[in-house]
Amino acid sequence: MERSVIPAAEIQRQRETMRRLAARFSGGERAPLAMVETYGCQQNVADSQRIMGMLAEMGCGFTQDPFMADIIVINTCAIRENAEKKVFGVIGQLVHVKERDPNAVICLCGCMAQQETVAEKVRVSYRHVDLVFGPQALWKFPELLWDVLEKRGRVFSIEKERGSIAEGLPVVRESGVKAWVSIMYGCNNFCSYCIVPYVRGRERSRDPAFILEEVRQLVESGYKEITLLGQNVNSYGKDLDKPMDFSALLSEIDKIPGEYLVRFMTSHPKDAGEKLFDTMARCTHVAKQLHLPVQSGNSRILRAMNRGYTREQYLDKVRYARSVMPDLVLTSDIIIGFPGETEAEAMDTVSLIEEVRYDALFTFIYSPRPGTPAASMPDPASRKEKQVWFDRLLDAQNRISAELHRMYTGKTVRVLVDAVTEDPKWPLSSRTHGGRLVHLSGPSSLVGQYADVRIVDSNTWALFGEAVQL
Ligand code: 5AD
Ligand code: SF4
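Residues numbered from 1 in each chain as written. Chains lettered and ligands numbered in written order. Predicted model: local features only at pLDDT ≥ 70, side-chain atom pairs only at ≥ 80, totals over all residues. Heavy atoms only, no water.

**Student:** Hey, could you run me through the overall build of the chain in this one?
**Tutor:** A tally of regular secondary structure across the chain gives 14 helices and 19 strands. If one aligns the C-alpha atoms of the chain with their principal axes, the spans along those axes are about 60 × 60 × 50 Å. Looking at the chain as a whole, 55% of its 470 residues qualify as buried. For the chain, the share of sequence-separated contacts (at least 6 apart) that also reach a separation of at least 24 residues comes to 74%. A distance of 1 Å separates the average location of the 59 positive side-chain charges in the chain from that of its 60 negative side-chain charges. (Helix = DSSP H or I, 4+ residues; strand = E, 2+ residues; numbered from the N terminus. Buried < 20%, exposed > 50% of the residue type's maximum accessible area, 1.4 Å probe, protein only. Contact = heavy atoms within 4.5 Å. Lys, Arg positive; Asp, Glu negative; His and termini not counted. Charge placed at Lys NZ, Arg CZ, Asp CG, Glu CD.)

**Student:** How should I be thinking about the pattern of salt bridges in this particular structure?
**Tutor:** Opposite charge on two side chains permits them to pair, given that their charged atoms come into close proximity. Evaluated as defined, the whole model comprises 30 salt bridges. In this structure, aspartate 271 and lysine 270 form a salt bridge, with 3.0 Å as the shortest nitrogen-oxygen distance. Exposure remark for lysine 270: the relative accessible area of 33% places this residue in the partly exposed category. Where aspartate 379 meets lysine 386, a salt bridge forms, and the shortest distance between an N and an O atom there is 2.9 Å. Here the salt bridges do not stand alone but share partners, grouping Arg50, Glu167, Arg173, Arg206 and Glu214 into one network. (Salt bridge = Lys/Arg side-chain N within 4 Å of Asp/Glu carboxyl O.)

**Student:** How should the nonpolar core be read in this particular structure?
**Tutor:** Generally speaking, a soluble globular protein has its nonpolar side chains buried in company with each other. Counting residues in each nonpolar core, the largest one holds 70 residues, and the members touching the most others are Leu228, Phe246, Phe264 and Met280. The greatest single-element share of this core, amounting to 6 residues, is contributed by helix H14 (residues 383-406). When residues no more than four places from it in sequence are discounted, the contact partners of methionine 280 are Leu250, Phe264, Val286, Ala287, Lys288, Gln289, Leu290, Met325 and Leu328. Grouped together as the second largest cluster of nonpolar side chains are 31 residues, Met58, Val105, Ala137 and Leu169 included. (Core = buried A, V, L, I, M, F, W, Y, C linked by side-chain atoms within 4.5 Å.)

**Student:** How should I be thinking about the packing of helix H8 (residues 208-220) against helix H9 (residues 246-254) in this particular structure?
**Tutor:** For any two helices packed against each other, the geometry is given by the interaxial angle and the distance between the axes. Between H8 and H9, whose axes approach to 10 Å, the crossing angle comes to 35°. The handedness of the crossing between H8 and H9 comes out as right-handed. Across the interface between the two elements, Pro208, Ile211, Leu212 and Val215 from H8 touch Leu249, Glu252 and Ile253 from H9. Class assignment of the residues belonging to the contact of H8 with H9 gives a composition of 6 nonpolar, no polar and 1 charged. (Axes fitted to C-alpha atoms, helices over the stretch in contact; angles between N-to-C directions. Left-handed = near helix turned anticlockwise from the far one by under 90°. Nonpolar A, V, L, I, M, F, W, Y, C, P; charged D, E, K, R; others polar.)

**Student:** Where do I start with helix H3 (residues 81-93) in this structure?
**Tutor:** Owing to its 3.6 residues per turn, the α-helix brings residues three or four apart onto one side. Look at H3: 19 Å from first C-alpha to last across 13 residues, which is about the 18 Å you get at 1.5 Å a residue. Listing the buried residues of H3 in full gives Glu84, Val87, Phe88 and Ile91. Along the long axis of H3, the arc covered by the buried residues comes to 105°, so they all point the same way. Turned more than 90 degrees away from the buried face of H3, the exposed residues are Asn82, Lys85, Lys86 and Gln93. (Expected span 1.5 Å × (residues − 1). Arc of directions from axis to C-beta.)

**Student:** What's the story with the sheet that holds strand E19 (residues 463-467) in this structure? I'm lost.
**Tutor:** Each strand in a sheet pairs with its neighbour through backbone hydrogen bonds, running either in the same direction (parallel) or in the opposite one (antiparallel). Pairing within the closed barrel is mixed, and its 5 strands lie in the order E15-E16-E17-E19-E18. This sheet shows a mean twist of 50° between the axes of neighbouring strands, independent of strand direction. Pairing of strand E17 (residues 437-441) with E19, which is carried by 4 bridges, proceeds in the parallel orientation. Residue pairing in the sheet places leucine 440 in a bridge with glycine 465 of E19. (Pairing = 2+ DSSP bridges.)

**Student:** Can you walk me through the environment of valine 172 in this structure?
**Tutor:** With respect to the element layout, valine 172 can be found in the loop between strand E6 (155-157) and strand E7 (178-182). Once the C-alpha coordinates of valine 172 and arginine 50 are considered, the two residues, 122 residues apart in sequence, prove to be 6.5 Å apart. Excluding its chain neighbours within four sequence positions, the residues that come into contact with valine 172 are Gln49, Met52, Gly53 and Ala56.

**Student:** In this structure, what is going on with the pairing of strand E3 (residues 71-76)? I would like to understand it.
**Tutor:** Along any regular strand, the residues point their side chains to alternate faces of the sheet. Counting buried residues along E3, 6 of its 6 residues qualify, which places the element largely inside the surrounding structure. Every second residue of E3 is oriented toward a common face, with Ile71, Val73 and Asn75 on one face and Ile72, Ile74 and Thr76 on the other, all of them buried. Relative to E3, strand E1 (residues 33-38) is paired through 5 bridges, and the arrangement is parallel. Pairing of alanine 34 across the sheet is with isoleucine 71, part of E3. Pairing between E3 and strand E4 (residues 105-110): 6 bridges, direction parallel. Across the sheet, isoleucine 72 pairs through a bridge with isoleucine 106, a residue of E4.

These results come straight from atomic positions and should not be treated as a statement about function.
Pasting the structure below:
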């Protein structure tokens, strides 16, 4: 299979461009300030950390205030129409930044930017946006920025590409405790409702040696939680010269010594099986947590979604996973109101979540994405009807989450303390090994540490605990 690793010489050229930009910026009265705003999934968060890494290498400082910024980067999400509307609102507002400072450079990147219709709209109606580039062009951001500054003209880089892998670019991580590591990019699944395969290109896996080295370095520098990212991590490695599967990668990572946990997302149920669950159960560093999006509890809808499994097959997988990991924390994504879905079919999804009893759910009302097969399917149910079904699903899940959370009360669990909060009663936030949020009372010196905590209260969304002094 064709591999698409960006040649080292190309990466070197970006590094040189970063140096040239740093030299150019150092001639100014002060170091330039950059603002990077991120919408959407963890993959976008990880991409933004790369963009920040490149900006830092160019000598930029960072700000959250668009009026202070010399360079503004909006990293966008295209998964639902609402996400797009929000971004258009944000970039519309940025015209005031440009009015005040015509030299400010405004960049739009991410999944929205990769869509031709969006790029065209920006070209015509958002003329204050200087640079538009899709996820595939992220690695050449320094060169694109250079072109904007040199030519003082607008640059659009959204060529339809299969996608590539770029190694050796800098990264700025915002926390010293948790890190995201992309292990693969793109998606080949073409679920009929989803825009991702069109904007993020074909699946391509990073070389395991680079991933292992990155994880090893993160563990050595004190990171305690590492989340492996991919649109569908279970198809990791199929495109490598020496094919390797995700379970093998997990086993290799698990050998890295240290006190840390590995999580991963997202798993596609069609590719997640006994081998993965056995590996998770065996690997001591792998969190017993699984995000396994089911999308629907009705087999006809699952077929129309092109998901590649039935309700029964999904339930069998959950049963097996729980048999080898009794404490497994399980979460899922659900879409209500897929074109042609009936009330009875939507209620099959409610009955599935009652049967599985997920710890938490991410729930969405179907949003048509132009260019996807589902967008041209007949969709007779009204928004109002879909909202009723959606509310029933939420009511059921909220009750289930509250019940599951209540079972933690009185127990002592191990958490990773990740941040201080503004709440004087619960000044710390933390996560259990299974990823449940625990608001915590205890000293701020615990941040970045594992701690044993006694759970004293809970609600639908979180647990509340006290650090146990040992
Ligand atoms: N409409 C609603 N939800 C969607 N998702 C993906 N595409 C759509 C869409 N067109 C949801 C799926 C996916 C999650 C990331 O977003 O549930 O798992
Ligand atoms: Fe979209 Fe399906 Fe790929 Fe997930 S697996 S990104 S839902 S096409």
